[in-house]
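Architecture and fold: a report
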Amino acid sequence: MCNAAIEDVEHIFFHCPVAVMAFVASPLGCRTEQYRGLNNKQIIAGWLSEKGNYDGFKMASCMMWALWKHRNEKVFNNKEQSIQSIIKEAQFWFNYTSPILPEEEKHHQSANTKKLANKWTPPETNWTKLNTSAAFKDFQGGWAVVDRNAEFSFIGCGTMALKVLSPIEAETRAVLLAAEFAMMSHL
């Protein structure tokens, strides 16, 4: 996002100047320098272990999602976004799963999501794409990651299931599984 360092997972989410500014300016007011020397798995595991801080965990997860979307817009579409737009995106997703989001906004977002749900696009040649999914019911979560290449060929997958507190925890654990899968696969 910043073109100042190698884009690994820790840099994108926690050390890139864009991520640092976005986390500080977000409702979390989080200073990401506290994560120096930790990998993304350790950081997310730390968030998950903070019992009783569900909103902080949820907002941090939403910030990571917004940063990832921002990064992809810049890399694949050459579009820049402001720190404010990244935070606004994160806040939207934070509120989306909360009952306070107006019903008409939920309906609009749901319609857009359904339009995109059936369209999978392959990665560029010589790249692979990891897709994740998660399910949640009665404090049970299941999640998976699937790896495919530009020729639509299946490369590998992984699944896991555990007791979890919320759908967003299951989704975050799916992203964590994808990160572990990528590291084990040397992607």
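Residues numbered from 1 in each chain as written. Predicted model: local features only at pLDDT ≥ 70, side-chain atom pairs only at ≥ 80, totals over all residues. Heavy atoms only, no water.

**Notes on the packing of helix H4 (residues 54-77) against helix H5 (residues 83-96)**
- For the pair H4 and H5, interaxial distance at closest approach is 8 Å and the crossing angle is 130°. When the axis of H4 is compared with that of H5, the two are oblique. H4 and H5 meet at a crossing whose hand is right-handed. Listed contacts from H5 to Asp55, Lys58, Met59, Cys62, Met63, Trp65, Ala66, Leu67, Lys69 and His70 of H4 are Ile86, Ile87, Glu89, Ala90, Gln91, Trp93 and Phe94.
- The residue inventory of the contact of H4 with H5, partitioned by class, reads 11 nonpolar, two polar and four charged. (Axes fitted to C-alpha atoms, helices over the stretch in contact; angles between N-to-C directions. Helix = DSSP H or I, 4+ residues; strand = E, 2+ residues; numbered from the N terminus. Parallel < 35°, antiparallel > 145°, perpendicular 65-115°, else oblique. Left-handed = near helix turned anticlockwise from the far one by under 90°. Contact = heavy atoms within 4.5 Å. Nonpolar A, V, L, I, M, F, W, Y, C, P; charged D, E, K, R; others polar.)

**Overview of the packing of aromatic side chains**
- Counted under the stated rule, the structure contains eight aromatic pairs.
- Measuring from ring centre to ring centre gives 5.9 Å for phenylalanine 14 and tryptophan 47, while their planes differ by 70°; the resulting arrangement is edge-to-face. Taken together, the residues phenylalanine 14 in helix H1 (residues 9-15) and tryptophan 47 in helix H3 (residues 40-49) connect sequence positions 33 residues apart.
- When its relative accessible area of 0% is taken as the criterion, phenylalanine 14 is described as buried.
- A network of ring pairs unites the aromatic residues Phe13, Phe14, Phe23, Tyr35, Trp47 and Trp68 as a single cluster. (Phe/Tyr/Trp six-rings, centres within 6.5 Å; stacked < 30°, edge-to-face > 60°. Buried < 20%, exposed > 50% of the residue type's maximum accessible area, 1.4 Å probe, protein only.)

**Some points on the sheet that holds strand S1 (residues 128-137)**
- Ordered in space as S1-S2-S3, the three strands form an open sheet in which the pairing is antiparallel. The two strands at the open ends of the sheet, each matched to only one other strand, are S1 and strand S3 (154-163). The mean angle between the axes of side-by-side strands here comes to 10°, regardless of whether they run parallel or antiparallel.
- Each of S1, strand S2 (140-149) and S3 touches helix H7 (residues 167-184); the most contacted strand, S1, lies at about 150° to it. (Pairing = 2+ DSSP bridges.)

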